[in-house]
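Commentary on secondary and tertiary structure
Each chain is listed here by its residues.
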Amino acid sequence: MMKIIFILEPKSLILRLFEISLNKVMVQAEKTVADLKVGEKGIINHFKDDAMSLKLLEMGCLPDTEITLDFIAPLGCPVGITVAGYHLSLRKREAATIVIK
């Protein structure tokens, strides 16, 4: 029977853990409408997808506008939001393109 032994240098392990935690912080930096829970509010900051942003802008999703998540369908799609005084239903992938503050 052959045993394989891995030797890790403590310095490289610490740097790797720091890199992993730094990546988690970067991923969590941009919160989208798809990340909201029912009843939560946010302010539209910008959009991730340029093609989708034109459609969303035409529907009233303008930067610096308050947005509220009203409902999430039982299977997760669609989601209902209130923006600019009216209700709007979006696919979850569309909601994920709206970055909020």
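This text gives an overview of the structure that appears in the document. (Residues numbered from 1 in each chain as written. Predicted model: local features only at pLDDT ≥ 70, side-chain atom pairs only at ≥ 80, totals over all residues. Heavy atoms only, no water.)

1. Some remarks on the pattern of salt bridges
Here the structure, examined in full by the defined rule, presents four salt bridges. Here Lys-41 and Glu-66 are joined by a salt bridge, their closest N and O atoms 3.9 Å apart. Of the two residues, Lys-41 sits in strand β2 (residues 41-47) while Glu-66 sits in strand β3 (residues 66-72), which places them 25 residues apart along the sequence. By relative accessible area, Glu-66 is classed as partly exposed at 42%. The salt bridge partner of Lys-101 is Asp-64, with a shortest N-O separation of 2.8 Å. (Salt bridge = Lys/Arg side-chain N within 4 Å of Asp/Glu carboxyl O. Helix = DSSP H or I, 4+ residues; strand = E, 2+ residues; numbered from the N terminus. Buried < 20%, exposed > 50% of the residue type's maximum accessible area, 1.4 Å probe, protein only.)

2. With respect to unusual backbone geometry
The omega angle of the peptide bond from Cys-77 to Pro-78 is 5 degrees, so this bond is cis rather than trans. One can find Pro-78 in the loop between β3 and β4 (79-83). Even without being a glycine, Asp-64 presents a positive backbone phi close to 70 degrees. With respect to the element layout, Asp-64 can be found in the loop between α2 (50-58) and β3. Among the residues examined, Asp-64 registers a relative accessible area of 55% and is labelled exposed.

3. Points about the sheet that holds strand β6 (residues 98-100)
Strand order across the open sheet formed by six strands is β1-β6-β2-β3-β4-β5, with antiparallel pairing between neighbours. Since the sheet does not close on itself, it has two edges, and those belong to β1 (31-32) and β5 (86-90), each with one partner. Two strands pair when backbone bridges link them, and β2 and β3 are joined in this way by three bridges, in the antiparallel orientation. If you follow Ile-43 over to β3, its bridge partner there is Glu-66. (Pairing = 2+ DSSP bridges.)

4. Considerations on the nonpolar core
The biggest cluster of nonpolar side chains holds 17 residues, and the ones touching the most others in it are Val-33, Cys-61, Ile-81, Leu-90 and Ile-98. Within the residue set of this core, elements represented by two or more residues are β2, α2, β3, β4, β5 and β6. The element contributing the most residues to this core is β4, with three residues. Excluding anything up to four places from it in sequence, Leu-90 contacts Leu-56, Met-59, Pro-78, Val-79, Ile-81, Ala-95 and Ile-98. (Core = buried A, V, L, I, M, F, W, Y, C linked by side-chain atoms within 4.5 Å. Contact = heavy atoms within 4.5 Å.)

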